[in-house]
Each structure stands twice: as C-alpha cells, then as structure tokens.
Amino acid sequence: MTPIAFRVSGFPFIRFCVILLLLSPGITPAQTVSSPASDASRQGRPMDAALAPVYPPLADWIVTRFSLTGAEGIGIDVGGGAGDLVVELSLRTPRMRWINADIDPVVRPLVLEKAEAAGVERLVDAITADVHALPFHDGLADIVVSRGSLQQWADLRQGLREIHRVLKPGGVAFIGRGFPEGFPPETARAIRDRQRKGGFEPAYDPRRTAGELEAIMSELGIAAHTIHLPRPEGNEDILYGVWLEFRKEGGNSAIHAAVESAAEDESLPMLEPVEVRAGRGRIALAEPLVETAGLETSVSTVTRGEMASRGDDTVIEALSYAPGAWVQTRGRKVRQFVSFRGQTYPYPEYAINGAMFREFHEIPFLLSTTGIERIEIMRSSASLLTGLAGLAGVINIVPRVYTGPETSLGMEFGSFGTWRARLAHGNGTQKFSYSAHIDAPHTDGPSGRYAAESVTSSGLNLHWLPRPNISVEAGAYHLFGEHRLARALSPAQPRLQTTRERYDPVQASVAYLKTVVRHSPAATTEALVSWSERDNDFVAETDSSSTLTREWDFEYAANIIHSRALSSRNTFRVGGHYNRWVAPDGKRFYSGRRCDLETFSVAAVDEHRFGKLSLDGGVQMMRTYIHDYGAFNIEGTASGFGKVEPVASQWEKPVLNASFGAAYRFRPSVSFHGNASYGRVEPRPGTLDADREEPDSERRIKLDAGVRFSRDRFGSATLTAFTVRQDRAIVLSGKTATVNGHVLELYLNRDQEQTGVELEARSREFRNTVHFFLTGVAMRVRAEADGKMRSSAEMPEFITSGGALFARRGWDAAALWKYVSEYESSRFAAPGAGPQPLGGFHDVSLTFGYSFGAKNRSRVYLEARNLLDKRYATVVGYLDYGRRIAAGVQHTL
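On a predicted model such as this, the values are computed, not experimentally measured, just so you know.

Brief notes about the overall build of the protein chain
Check the secondary structure of the protein chain and you find 15 helices and 41 strands. Counting over 893 residues, the protein chain shows a buried share of 56%. The long-range share in the protein chain, meaning contacts at least 24 apart out of those at least 6 apart in sequence, stands at 66%. Carbon and sulfur atoms make up 56% of the accessible area of the protein chain, which totals about 36100 Å².

A few points about the pairing of strand 4 (residues 141-147)
Across the seven residues of strand 4, seven count as buried, placing the element largely inside the fold. Here strand 1 (residues 73-78) pairs with strand 4 via three bridges, running parallel. Within strand 4, the position partnered with Asp-77 by the bridge is Val-145. Bridge analysis of strand 4 against strand 5 (residues 167-178) gives six bridges, and the strand direction is parallel. Looking at the pairing, Val-145 lines up with Phe-174 of strand 5. Read from strand 4 through helix 9 (residues 156-166) to strand 5, the crossover connection turns out right-handed.

Observations regarding the environment of Tyr-872
Here Tyr-872 shows up in the loop between strand 40 (858-865) and strand 41 (884-892). In the structure, Tyr-872 is positioned 34 residues away from Leu-838 in sequence and 7.4 Å away in space, judged by C-alpha atoms. Setting aside residues no more than four positions away along its own chain, Tyr-872 makes contact with Phe-841, Asp-843, Asn-866, Tyr-878, Leu-879 and Asp-880. Engagement of the side chain of Tyr-872 in a polar contact is seen with the side chain of Asp-843, the distance being 2.5 Å.

Here's the deal with a nonpolar patch on the surface
On the surface, Met-411, Phe-413, Trp-419, Phe-806, Trp-811, Tyr-850, Phe-852, Val-860 and Val-889 cluster together into a nonpolar patch covering about 820 Å² of accessible area. Those elements that provide at least two residues to the nonpolar patch are strand 15 (406-414) and strand 39 (841-852). Its place among the elements puts Val-889 in strand 41. The partly exposed category is assigned to Val-889, whose relative accessible area is 41%.

Cut-offs and rules
Residues numbered from 1 in each chain as written. Predicted model: local features only at pLDDT ≥ 70, side-chain atom pairs only at ≥ 80, totals over all residues. Heavy atoms only, no water. Helix = DSSP H or I, 4+ residues; strand = E, 2+ residues; numbered from the N terminus. Buried < 20%, exposed > 50% of the residue type's maximum accessible area, 1.4 Å probe, protein only. Contact = heavy atoms within 4.5 Å. Areas by Shrake-Rupley, 256 points an atom, 1.4 Å probe, with all protein chains shown as cover. Pairing = 2+ DSSP bridges. Right-handed = clockwise from strand over helix to strand, strands pointing away. Polar contact = N/O pair within 3.5 Å; in protein donor to acceptor, adjacent residues only side chain to side chain. Patch = residues over 30% accessible without salt bridge, like charges linked within 9 Å, V, L, I, M, F, W, Y side chains within 5 Å. Salt bridge = Lys/Arg side-chain N within 4 Å of Asp/Glu carboxyl O.

So, to be careful, I would describe these as geometric facts and stop short of saying anything about function.
See below:
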C-alpha cells in the first residue's frame, strides 16, 4: 500500500482533501450532521425515553387490527429510530420478518442490540434508508408502519408514494404520529407533561394534517384509505395525534390473506428475501462504493428472482436480457463475450461484491448463478468508483446473504447429453451468516463439434458483524473441469474447423475480503482486498501433432474508499485502488509473452443536494507501471509478433478522468439524470504509428442523459441517451513493421464514436399474475475512414429483448424473446472470404413450471431454448446449437 500513499501525496488537491477530512479535529460528526435524529441518538434520545410506554400498546393494536399473530411476511418500520416498535412487533409476530429503515446510520447498531436483548435478532433487520427513495423492490412488504417520523419528511407526498410502491398488492400501511386508539388517557397525559417539561412537546393541528393526508391520497389515486383521529371522550385536550391507514389494490399479501380468511398455516405465503436495488435509494455515506445519482439510468440490476424465473444457469445467461446486451458466442478460449453500447476491446470488466478483477472474461460463462443475490450492471464507461479509467462498464456480482436455514437441491437433463446437479445451503443470524453452493454441469455438445464441457462451479461466502458498526464479508469461488473449444464451421478458417483444442483442466480461484466501518453518522470507510488465480492447461491436437501449453496468471488488489458528510446535504468520497497482475508465461492469444502490470489510481467525488436537485463532480487519476508487457496482438491474434520487443520497466503516462453529473426529481413519478465525463488516454510506451512516431494522445468525451418514469398503476421505464466520442482514438491499424530486427504492430489515430438510445421498461404485476419487461438499444457506430466519418457495419444497430413472467396457484411460466439486427465481420473467416453476414435473428425461449408440496417447496419444470430452432451466428463460423430442451426438478428444505 506504500505506492498508493506516495501517489496520493503527489496531488496537492487530493492531499489537501484527505488531510482536511481525516486529520482535522475541527470537523466532527456533531458539526457535519445536523438532523434531529442524529442529535437525539448522541444525547441518549430523550424523546424516545419519554415515548417508551407507547410502543407495547401500539404494537398490540397493530397486530390485532391486521391479524398478524400467525401471519408470515415482511414488515417495514419507516423512520423507526432505535427500533422500539419493530422489536415489540417481532415479539408478537414470530413468523414475520421486520426491517427498521431509518435515514440515520447511527441507529442501526442500537436496533440490533435491542433485538438481540429481546431474543428476536433473527426476526429483525436494520438498514439506512431515505423514505423518499426506499431501497426495496416493488411489492416487497406485507405491511409498512411508521410512528412519529412523517413530520420530518421533506416531501410527504413522495414518502407516501414510495411506501405504496413497496407494498405488495393487498398490503397495508399504517402511518402517523401520536398514540393509538385505546391508549390510556392518564398515560398519554403523563407523556405530554414530560415532553412539555423537556422542551420537546409537539405542536400541530391533527385535523389540518388529516386534510393534507386526504389530499395526497386523492392525488395518488389511493381509494382504500382511512384517517384516524383518536379523541377519547372527556380527554379532548390531550393531543392524541393522527393516523393514516391505506391498502394497495390487489390481494396476494400475507396481511390480505390473514384479514380476509382464516387460512391454514400451510397456505400462507413463504417468507421472501429482501432485494436492494442498485442505483435507487442507496446512500453514499452508508455505501461508499455506490455510483453517483447522475448515472442512475445507466445502471441495471438482475435479481435472483428474475434469474430463477427465466432459468438462467450462468452469469452470461443472466446478462442476456439487460438493455442492449450483445452476447458473442464462439468456440474460442473465451467462449462468450458480453458488451453494451457497442463498446468492445476492451469489454466490460467484472467484480465480485465490489472487488474488481482483470482477465476475468474466461470465467463468467462458466460461473453458476447459484448463490448469487443480484448482478449490477454499470453500462456506462463514465464510472469513476466501480472501475478503472477507460473501461467499457463494470458488471458486479453480489453474493446471496441468508437470514435463516435453507437447503436447496436440483437436477436437470436436456438435449446434447446435458445434465446439471446443484446443491446450495445457507444459514444466518443477525450477526453471522454463511452460504455454500456447488453446481456441476455437463454437456456433450452437438455431434462432431468437439464441444463437450464439464466445469464444476463452487463457492463459499461469509457475512459477519463483529460489532454493530463493523461488517465483514468474505468469499471464495473455484472452477474446475474440462472445457472444449467447439470446432468452427465454414466459412471459418480451416484450422478452426479441424484442430481439436481444449482446456484440460480449467482451474480458476477467486477470493475477496471486504470490511465496512461506520465510524460515526458522518463517516464510513470501506476496504477491499482480493486475489485470483487462473491456471489452465491448453491442449491443441491435430492428426499429426499435439501441444500442451500452461496458461497461468494471478492478481491481487486492494481498494479503500472513505465517505464523509461535510453537511447534511453534502457527501465527499475519496479512494485509492491498487492492482498487480502477472502472467508469467502469457495466456490466451499472447501465450508465451510475459505480462506484469502494476496499476495505481485515486479518485475523489463530491455530491451535493439542493432540494430536488443533486449535483456531483469527480476526478480520477490512474497510472500503470509496466514491469513487462508482451501482449501484442491485432484483432485477437499474436501471429507475427513472436519477435516483438516487450515493453519493460517503464511508467505509462498518467490517465486523468473528470466527471460531472446531476439528477433532478421533477415529480414523484419522474426524475432526470445526466452525466458528462472527459479524459485523456496516452499511448503505451513503445507504440508507433505508420510514420514511426508515437501516436497522439486520445481525448475521450462520454455523455449519459436519461429520464425515469414510475407509476404504480403501470410500472417503470427508463430511457437513456448516450454517446462516447473519441478524438484521435488510438487503435490498431492492422499493419506491422520491422524496426531494428523486431516486428512491431502499428497504430493509428482516428476519430470514432458510439451514439444511441437505451430503453428499460417493466410493468407492474397485473391481476397478481403476470408482468412484462422490454429492453432495447438503437445505436450507431462511426469511425473515420478516408478523412470522413463512416458508419461501421461490424456492430448491430438494434438489440431488443422482452418477455412475460407468469405465476399463479403454483404454476409459473416465462416467455422470452431477443432480437439482434444484422451486422458483418471477417473475424475468424477464411483468407479471402471477406466480411460475412451475421445477426439478424429472433431467439424465443419458453419455461413452464409447477410448484407443489408444503409451502410449494418442490418444483418441476420444462425449458425450451431457441424454440424456433434458428441457426444464427454472432461470430463467423460458430452457429448456435439450435433448439435445446431441458427438464428438471428442484426442492427446498
């Protein structure tokens, strides 16, 4: 870590910020955070002490009114403070899970301590959340309660709308302040007297508040609502408060079932996991690695539920229906590449729980979705915090965290001799949880194509809270097996049609350790260390020869980022990243050419909120020291470069990126987001152009602008426009030259750009049965040729996908569709064959399933991939296998 410290000290502005934020005694939590909740928590919360007698009878009233005693489901207390109400509710509802959601990070450990003391730690969770942008997916909660926080909300209408959004159809909300009906007047009077003496007696008109709530209900179109104004006879002088009760239309929640019928326990819905959305409601102070609000519309999330309902077996399959996902499938050392917005070479990088890895592309098409909670996709290359400069987006794989015991087993059999066995187990308490899984697939592949594959994927993840303000997460993954490279078909190069190539064995290991320390309500630090190793034996056989090449590489990295509140509306983050990657003997297409790179980067981002408007700005500087670099190639082949002199013992020129973004919450249902970034890319030492001179520096401008719509009656949609402009882009020319006896690849500078529009739309669940999704991108890629900007025919102009997901009375179904427009390529084509037509296909898949048994824990299913049996190709010579049928069974204990 010494090099990071040295690099930070080399930049006066960042050095000043670090010293100011971390060392100055003049900035304390009490000065930087001025919210009432934070102040109260530091002073022992006298208001909570005065109100302590309210929570047990309030919990009794809620449990009785909504028949919660035997119900299963999820409840949320918004603005729950130190957790008094959720603890009382959990004591009365042993089969429900309660989440205390409060904007003040300091109360989280208090909630956990109270839950543990009461013996209900397995039923209670606590998160940092803002009611105006709750970090939960639509339709999560059976009930949402809130006592004594609505008067602190900046936008009451938006808060109630968010609560309505996260309710399940049929779910109920109970929001208000004061005392419940039936609360003893003498106790109420004593509480008001104590508040008066302490100087914090509330003063408001309940009827005026009721009128405001009534108007908001009318505006939001929520007809099923009631406003309660408790006024015990003879004690009208006591301020009892005001309460709003409303239901979400529909009827599939546990609360609805409990109220509407006296159903048997077995018929109650199963407990559902909490899913936190990327880019929505996440707070930079609590989660330092989250991207800025200006990039929200460039982030997509694939949840565990979506992967399960679609039957996604691998990470690449899970990414296939993301907006503009272009999956290129071939029979090469990397079997499948996925990219977004036409940005290839480099392709998007991958991270596991925030830990980024280089040279990871040979793993995602083998990595099982078993054990994954969600996949977060940053499609924009403007990211400063989740990736290194100059990349084309980042894909972050987030492991599942268990909150109770669960074991699941599955078997599947299908076309081409395919079978798959799965086993996953996990358990957890509030302080510690673990998960482990193993997924063993096998396929023979099409006859005569040499496409058999057997690579077992396994993983272990741990989550630990050693102290209420410290969390530790660790994970390890391992892949092992044999991966054959499918033979190509005509018009591919003859060698690719005849050579038998395989990785035998495939061996890959990945591990990470992440620690988050919440020093105070105003400061959080996240530290990550990671390691990975890929050690594969590559075998190539022809009728006359056989060769075995070891392809071994490893890397280790560290990342630390500190987030600090400079005020209640301003958050500043500063971080450093270090990565060392070594391939002693090269790998893939540059096998035999040693690579050893050491990269350092620092970044600083500042965000400020002005009511509905949020502004952010950031800067990132990266520099790489080249110990050795021999990965010379043109379009993925090292042919002709065996004598190239490697670059050694040199610093690359610094790479600087700057970014500015904004988000504006125009209305509760509409928000605008934008981001602009600028950077310079320097040529690597030793790079030459056709004139034997070093190419010019590249100037890169990236723009993202989007709008998000969300209506409970219809669903949500995001429309994003993007452009990446590269002036004097440094690209391979496809030509070589011999200099001093060494063959060198030659580069050139040319202008190029990618411009397009993305759509991501998801409907609400209609009739509690079916919902739809639609994604797409329309883009144009242009590059300079003969002094003019010309459209490139090597990338599709349109990529769209959509589907319908159905679930009712144990039956489920998924109908999926994807279209990729025509494009062309000469990559892998036989000499003289010229560019070949690709794409232009529709791919349709169907899945049917039926769940049965106690709480529907057993499921049988049937899947049909490429139902229309289209033999399309995404690269030259590698056709899709065609229609594939699979049947399986799974059971959860």
